[in-house]
Amino acid sequence: MHILQNLVQMTGQRDHLRLELSVLSTFLQLPRITNVRALELLKLDDEYWVRPRTWQQAGQLVSAPQDFANDPQRFALHELPYLHACIANKQQQAQHSPGIGQHIIWLPVWMHDQVRACVEITQSEPISAHSLDVITGVFNVYQNYQSLLDYSERDALTGLLNRKTFDEHLLRFAAAAQTTASEEFSWLAVIDIDHFKQVNDRFGHLFGDEVLILVANLLRTAFGSQHRIFRFGGEEFVVLMPPSLKEAARAALEAFRNLLAAHEFPQVGRVTVSVGFAGAKLSSPVEILGQADQALYYAKENGRNRVCHYECLQDQGLLQNSQVSHDDVELF
């Protein structure tokens, strides 16, 4: 009965992290389970890395901060050889008993033929067939609901994260940025396709949609899995970039701009983008977005097909106190 109540609670979640906490709590209600963890996986330089994202500490479930790259707890996947082999062979589970009273099962979360996370469960006794059925049953409900949440967060045309999920990501992004103690900052970039209305007017909306899809694919190519890429609306995209120096952030954005400018779009030909970006320092989320938007507006008003940084423009006295509007939110 407790499991059913937990499953009801689990499927009532509307956020990936809360859903993760809920399924781990459900597993802890099962007999003989002594420990649970949710592991996050990320591919860096052609190698998978792992870090504990949620784990049990002093009887409570706690979660890691947002920034994977700087997490001291991360380690190479090959340090868990059974899980490494499981993922390499695209299997649904792996088991290992490293000692008396320690029997571990790993359940990778497969989405779009990739593993982003894994549930690790430790039992005090060997995992029986009945116990395995219950564990995999709960896990399958969790994985199916993860897929539903992921689908609801994606833009239907491009497959990028959608506008609906942007606010929550931006809040976490800004909160994580406050903990950065070096000269490296997280960055927010707003990217707008130049003269996109002319593409639709001249070639039609089908070719316009194809341009949007190809731009989204080029964004995925240019920016790694540590970046969060959104279709903000229409022909506008937003990239949340992990901590780096300003020069590195600008270089990455310039590389994308050049990549796209060199791409030959079917029927349409060449397309360019304008980019504005700002650092997430001590500003509020709305201010960060507004600053990047002002830099974008300057880029579009001054030649297009260029990357502009808010603070550089401000230091040069090139920005005026202008109002930038984003749907129902006005930024000053």
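Rules and cut-offs
Residues numbered from 1 in each chain as written. Predicted model: local features only at pLDDT ≥ 70, side-chain atom pairs only at ≥ 80, totals over all residues. Heavy atoms only, no water. Pairing = 2+ DSSP bridges. Helix = DSSP H or I, 4+ residues; strand = E, 2+ residues; numbered from the N terminus. Phe/Tyr/Trp six-rings, centres within 6.5 Å; stacked < 30°, edge-to-face > 60°. Buried < 20%, exposed > 50% of the residue type's maximum accessible area, 1.4 Å probe, protein only. Lys NZ or Arg CZ within 6 Å of the ring centre and 35° of its normal. Axes fitted to C-alpha atoms, helices over the stretch in contact; angles between N-to-C directions. Domains from an automatic or database assignment. Salt bridge = Lys/Arg side-chain N within 4 Å of Asp/Glu carboxyl O.

The name that an unreviewed UniProt entry assigns to the chain is diguanylate cyclase, with the source organism given as Comamonas avium.

### Describing the pairing of strand β5 (residues 94-99)
Sheet analysis places β5 next to strand β6 (residues 102-111), joined by 4 bridges and oriented antiparallel. Its bridge partner lying in β6, H96 is registered against I104. Between β5 and β6, which pair antiparallel and follow one another directly, the connecting turn spans 2 residues, one of which, G101, has a positive phi of 75 degrees.

### Let's talk about the packing of aromatic side chains
Two numbers describe a pair of aromatic rings. These are the distance of the centres and the angle of the planes. Per the stated rule, a full pass over the model turns up 6 aromatic pairs. Seen from their ring centres, F166 and F232 are 4.9 Å apart, and the 85 degrees between their planes marks the pair as edge-to-face. Residue F166 is located in helix α5 (residues 163-177), and its partner F232 is located in strand β9 (residues 228-233); the two are separated by 66 residues in the primary sequence. F232 shares its class with F166; the two are buried. Every member of this aromatic cluster is reached through a ring pair, and the members are F166, F230 and F232. Seen from the ring of W49, R74 lies directly overhead, with NZ or CZ sitting 4.7 Å from the centre.

### Points about the sheet that holds strand β8 (residues 185-193)
Across the sheet, 5 strands lie side by side as β9-β10-β8-β11-β12; this open sheet has mixed pairing. A strand with exactly one partner marks an edge of an open sheet, and here the two such strands are β9 and β12 (307-309). In this sheet, neighbouring strand axes are inclined to one another by 20 degrees on average, regardless of whether the strands run parallel or antiparallel.

### Observations regarding the pairing of strand β7 (residues 114-123)
In terms of residue burial, β7 counts as a mostly covered element, since 8 of its 10 residues are buried. Both strand β1 (residues 33-44) and β7 contribute to a ladder of 7 bridges, which runs antiparallel. Bridge pairing in β7 places L39 opposite C118. In the sheet, β6 pairs with β7 via 9 bridges, with the strands oriented antiparallel. The residue of β7 that forms the bridge with I104 is T122.

### Concerning the domain arrangement of the chain
Parsing the chain into structural domains produces domain 1 (2-152) and domain 2 (163-315). Distance between the C-alpha centres of domain 1 and domain 2: 33 Å.

### Quick notes on the pattern of salt bridges
Under the defined criterion, the tally for this structure stands at 14 salt bridges. For D167, the salt bridge goes to R163, with nearest N and O atoms at 3.2 Å. One end of the pair is D167 and the other is R163, both in helix α5 and 4 residues apart, which spans about a single turn. A relative accessible area of 43% places D167 in the partly exposed class. Residue classification places R163 among the partly exposed residues on the basis of a relative accessible area of 21%.

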